[in-house]
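Chains, contacts and geometry: an overview
Residues per chain are reported as follows:
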Amino acid sequence: MATTFVSVPLKKASEVDMAKPLSKFIQATYPSGDTQAEYVKAAEELNNLRKSALGRPLDKHDSSLEILLRYYDQLCSIEPKFPFAENQLCLTFTWKDAFDKGSLFGGSVKLALASLGYEKSCVLFNIGALASQIAAEQNLENDEGLKAAAKYYQLASGVFQHIKDTVLSALNREPSMDISPDTVGTLSQVMLAQAQEVFFLKATADKMKDAIIAKLANQAADYYGDAFKQCQYKENLPKYFYFQEVLPVLAAKHCMMQANAEYHQSVLAKQQKKFGEEIGRLQHASDLVKTVASRYDEYINVKDLSDKIARALTAAKKDNDFIYHDRVPDVKDLEPVGKATLVKPTPVSVPLSQKFNDLFAKMVPLAVQQALSMYNQRRADLVNRLIAQMRESTNLANGVLASLNLPAAIEDVSGDTIPGSILEKSKVVIQQGGVQTIDQLMRDLPELLQRNREILDEALKVLDQEEVTDNELKAKFKERWKRTPSSELYKPLRTEGANFKNTLDRAIQADKVVRDRYASHREIISLLCKPEAELNAAIPSGNPTKSLQGSEVVMLLKTLLASLSEVKKERETLENDIKSLQFDMTNKFLTALAQDGAINEEAISVAELDHFYGGHTESVQQNLKKQEELLAKIQAAHEEFSKSTQSSTDANQREEILKKLAAGHDQFVELVNNLKEGTKFYNGFTEILLKFQTKCSDIVFARKTERDELLKDLQQSIAREPSAPNIPAAPAYQSAASVGGTTPAVPTPAPRSVFPSKPQPPEHAVPSSTGGCENQPKPQPPARPPPPSVGSNFPAAPSASAPATTSAPVPAASMPASIGGTGMLSQAQGPPYPSYQGYPGFYPMPMPMAYNQYAYGQYNMPYMYQPPGQPPFPSPQQPQQPQQPGYPYPQQQFYHQ
């Protein structure tokens, strides 16, 4: 029994360079080093794998299917690790419809989408298609071929079913017809029916019990019937199902499997001595195979099955007629044959390939990357907040001491020397470059700011230009322009750009504050930069009470100041410890993702930050509280110290200068730190803006590529559209000519202009049929003479002396067949060119000198009749030519040109 199986054609993909955009993302996301280089190499290998899977014709072999499976597994692996989206990592994949073969003037239908889910669905379709082709190539005469065919058909069924369930959510738009849910759902059912048929063939080959074989065949018939119904009742299926022998094959297989089921059930009935039932089932089986033979013989050959059923039916009837005389039940009274299914769609579970090796095994999923990014932001906020609290406390302590002129007040014993603390502060300022360092840092900031502004403006300008182009094309093509508008696509990028702009604006305000503070303290900082002698000369002399040098209040102040210095050093140690504390949250987030399928980043991050930074936070708070208590004691002791000192103008001036010098040192240190941090910020921000600019350039480039592809498709689509969808109605005379009862009037040729030797008649006179002139407002054409019959007695051409009113008969060859002509085509009548002396007139292209029934028209044949009012043109210079030998018509006189 010969059988036919349905296989599915492969989709064709356009070339896409995956290595370049993936490498850009890797270089922008991961620090340079061995890990980055490894990921870049993996991106190149993935690109090569795609070329092997989609860039060449595939053999119908396991090795080709293995390449497709590996590529699909890699796509599933990288999907959670890269931000594939139109506004992030934009990769546009273009695939042609598998069932659309295109036309002569336009290419086949194709769809381009910036979606990895679309790529996965198309690759999965090719896996199912290639599996169906490999199954169809198997040798069903041996056990190995039957097992392989059943395996691949079930794989194809499962693949098509998976596409049906996932394609709409993967694309978020209407898919092409080949991967639409209706199409792949029908294909899945067809593949399942074919897998069931293979099991029926194996059971038959293994000579299993007829009861089992009948149930397997009946189940296959049921599957084929379902597939046939889906093809019948779904209007959105490709034409492939109707014009590529799929529909008749399904119908034939449905009948054939039913016939097999009835045959094997009849054998079971015979074994049970139900001879009437045996004959009834065989008759039903015979009717079914006759239906297949009469309707679908060119698709399915059932001769062997038909002969087997016929032999069994003849033998059963003979035995029943002579021996058993059992009543033959009607078909509708027969018990239905049972069903047994041994097939099911193979579920799609990644990895599909047993040889799968994840190229990006070390790269964490994108959800983990995002969680790590948010965690790092929370950690940075916590660390910055703790450090800011400690620095603010240090500045507060320095400000309080400077306002109290401490420790300079308790060190100034002579009244005319520089206190040691002031000298120490002066040395620090001089070692760090003094005002020159600040001036240089201040000059660098505007340049860095301007560079960042230019990068940001250029990135946003690229988006603006592309959006303008997209809006123009949208306005031009309207609903034909089917892609995401740039205004919607760029919203996240514009939000990010606006945040960057706000950050630069805040930085500008901070720079202004730093400049104003520097302007107010520049003079005192310059004084600290002077040599010791000049600095001493700038400080007024005073006469403090030397007796207080060893007093109890001075000793208390020194002790308190020493304790405060310890508190400051402790804060520096805490700051270094907080900055250096590092721990990896990757495993925590990976575990949460594996267990819950999602990551509650906030809950996990808060708990871990509290665990690692809780002790440091408590230490910082204790340190701040301790400083607060020390400052209160220092202020009280200084108040008592101030009461004990002599009050004088010189002493007060000296104390004020010393306070300013101490404050100047603190301002210098803070300004330098602020300016260095600002420089570091601008340099780091430049890298961020460059990445943002690259992202904008990449998405614009991808949009331009998509735009060019869409424009090309639109051009082909417009070229295929009919120019005039509504054909105008035919003229009345054409419709009348098609009806046998009415003869349309033949248009009369326009009269030619001639120049007779005699005077012309008046302008209002029109030549009549008798040669006279009548005053008529409009000439009336004469009645058309009857057509002559063409024969040997064809009349000779009128001579030059014939009267002007004589009309030559119209040749039958130039008349339509519907009005009595011979049906030969005539040349279309030309415009009424004038003929007069010196005018060359109309001269057609000469025809070959051989008989051509289509070559007789008004201007390229001998003039056979004279229109009304037009005499023949005499040619005294050219004598009449003799009759051409062998010519079937009389020789006629041509017009003289």
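Each remark here, short or long, concerns the structure printed above.
An account of the accompanying structure is given in this report.

Thresholds, definitions, all that
Residues numbered from 1 in each chain as written. Predicted model: local features only at pLDDT ≥ 70, side-chain atom pairs only at ≥ 80, totals over all residues. Heavy atoms only, no water. Patch = residues over 30% accessible without salt bridge, like charges linked within 9 Å, V, L, I, M, F, W, Y side chains within 5 Å. Areas by Shrake-Rupley, 256 points an atom, 1.4 Å probe, with all protein chains shown as cover. Salt bridge = Lys/Arg side-chain N within 4 Å of Asp/Glu carboxyl O. Lys, Arg positive; Asp, Glu negative; His and termini not counted. Charge placed at Lys NZ, Arg CZ, Asp CG, Glu CD. Helix = DSSP H or I, 4+ residues; strand = E, 2+ residues; numbered from the N terminus. Phe/Tyr/Trp six-rings, centres within 6.5 Å; stacked < 30°, edge-to-face > 60°. Buried < 20%, exposed > 50% of the residue type's maximum accessible area, 1.4 Å probe, protein only. Axes fitted to C-alpha atoms, helices over the stretch in contact; angles between N-to-C directions. Parallel < 35°, antiparallel > 145°, perpendicular 65-115°, else oblique. Left-handed = near helix turned anticlockwise from the far one by under 90°. Contact = heavy atoms within 4.5 Å.

With that settled, the discussion passes to a positive patch on the surface. Positive charge collects at one region of the surface, where Lys 12, Lys 96, Lys 101 and Lys 712 lie side by side. Note on placement: Lys 712 falls in helix α22 (residues 649–720).

What follows is about the packing of aromatic side chains. Counted under the stated rule, the structure contains 16 aromatic pairs. Considering the side-chain rings of Phe 500 and Phe 692, the 5.2 Å spacing of their centres and the 85 degrees angle between planes classify their relative orientation as edge-to-face. Of the two residues, Phe 500 is situated in helix α17 (residues 491–528) and Phe 692 in helix α22; the sequence distance between them amounts to 192 residues. Here the two residues Phe 500 and Phe 692 agree in accessibility, since each one is buried.

For the rest of this paragraph, the subject is the packing of helix α7 (residues 210–233) against helix α9 (residues 246–271). Here α7 crosses α9 at 160 degrees, and the two axes come no closer than 8 Å. Taken together, α7 and α9 sit at an angle that is classed as roughly antiparallel. At the point where α7 passes α9, the crossing takes the left-handed sense.

A full pass over the atoms with the stated rule returns 30 salt bridges. Across the salt bridge formed by Lys 120 and Glu 79, the nearest N and O atoms sit 2.7 Å from each other. One end of the pair, Lys 120, is in helix α4 (residues 116–136); the other, Glu 79, is in the loop between α3 (62–78) and β1 (93–96), and 41 residues separate them in sequence. Accessibility expressed as a relative area gives 15% for Lys 120, which makes it buried. Two residues, Asp 470 and Arg 703, come together in a salt bridge whose shortest N-O distance is 3.7 Å. Separated by 233 residues along the polypeptide, Asp 470 in helix α15 (residues 434–477) and Arg 703 in helix α22 bring together distant segments of the chain. Across this residue pair, the class does not change: Asp 470 and Arg 703 are buried. One network of salt bridges, with partners in common, ties together Asp 143, Lys 147, Lys 202 and Asp 206.

Glancing now at the side chain of Ser 176. Summarising the element assignment, Ser 176 is placed in the loop between α5 (143–171) and α6 (181–205). Ignoring any residue separated from it by four or fewer positions in sequence, one finds Ser 176 in contact with Lys 11, Asp 97 and Leu 111.

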